Amino acid sequence: MVTLSPKATALLSVLALLCVGASTAAAADEQRGRARAATASESPSGWDLALTGGFVATGLVDPVFALGNVIGQPTRVVLRQFEQESSVNLGVAMFAQVYHDRYAWIAPLSFGIGLRGDARATFYLGPALRFGPHASFTAGVAIGPVAALPAGVVEGRPITDTNFLTNLGSRTKASWFAGATYTFASLR
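Values in this document were obtained by computation on a predicted structure and should not be read as measured data.

(A) Looking closely at the sheet that holds strand β8 (residues 169-187). What the six strands build is a closed barrel, ordered β1-β4-β5-β6-β7-β8; its pairing is antiparallel. Neighbour-to-neighbour, the strand axes of this sheet turn through a mean angle of 30°, independent of strand direction. Two strands pair when backbone bridges link them, and strand β1 (residues 47-58) and strand β4 (residues 89-100) are joined in this way by 12 bridges, in the antiparallel orientation. For T52, the partnering residue across the bridge sits in β4 and is F95.

Next comes the structure, spelled out in structure tokens:
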């Protein structure tokens, strides 16, 4: 039995989605080409809105804090544990992509809302590359909450109560995101 790491599984899933979208796009483009040749009067092109959903990866990760000893300090202090932090946060999202019929391969405006792996809502904004009528790759800015130290608690300083680190607060932060999505509806 072959076991893949989560990153390898995610990469294979994205590649499979892109391949399926590209083959479907080629078939749909060929069918549209035949339909345009058959009709003498073609309707004018315009703006379109595609509703998509898929998987996203973001740089919005929670910092990990712990109490530890530092040489020269008589009490334990708050330390950030970089080696225990994730480098990427995975989630699912729904997007609205605005594109023009004339340049259907790019959506200059893509707005989304989704849930990260820790069940917190995140907003996404950026352009998208469309691979035919169904598959797309979108990237840009993600805005959402991340963990933060409570007010008055500073990294590298001693604290009065050891329970301060059990319930971390949150703050809103912006970071990068990239996602692979599938179009399930198109509105004109």
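Past the structure itself, the notes keep going.
(B) Local environment of the environment of E155. Considering the arrangement of structural elements, one finds E155 in the loop between β7 (135-148) and β8. What makes E155 partly exposed here is its relative accessible area of 40%. It is 7.1 Å that separates the C-alpha atoms of E155 and R80, two residues lying 75 residues apart in sequence. Ignoring any residue separated from it by four or fewer positions in sequence, one finds E155 in contact with F65, V78, R80 and L149.

Here is what the cut-offs are and how they apply
Residues numbered from 1 in each chain as written. Predicted model: local features only at pLDDT ≥ 70, side-chain atom pairs only at ≥ 80, totals over all residues. Heavy atoms only, no water. Pairing = 2+ DSSP bridges. Helix = DSSP H or I, 4+ residues; strand = E, 2+ residues; numbered from the N terminus. Axes fitted to C-alpha atoms, helices over the stretch in contact; angles between N-to-C directions. Buried < 20%, exposed > 50% of the residue type's maximum accessible area, 1.4 Å probe, protein only. Contact = heavy atoms within 4.5 Å.

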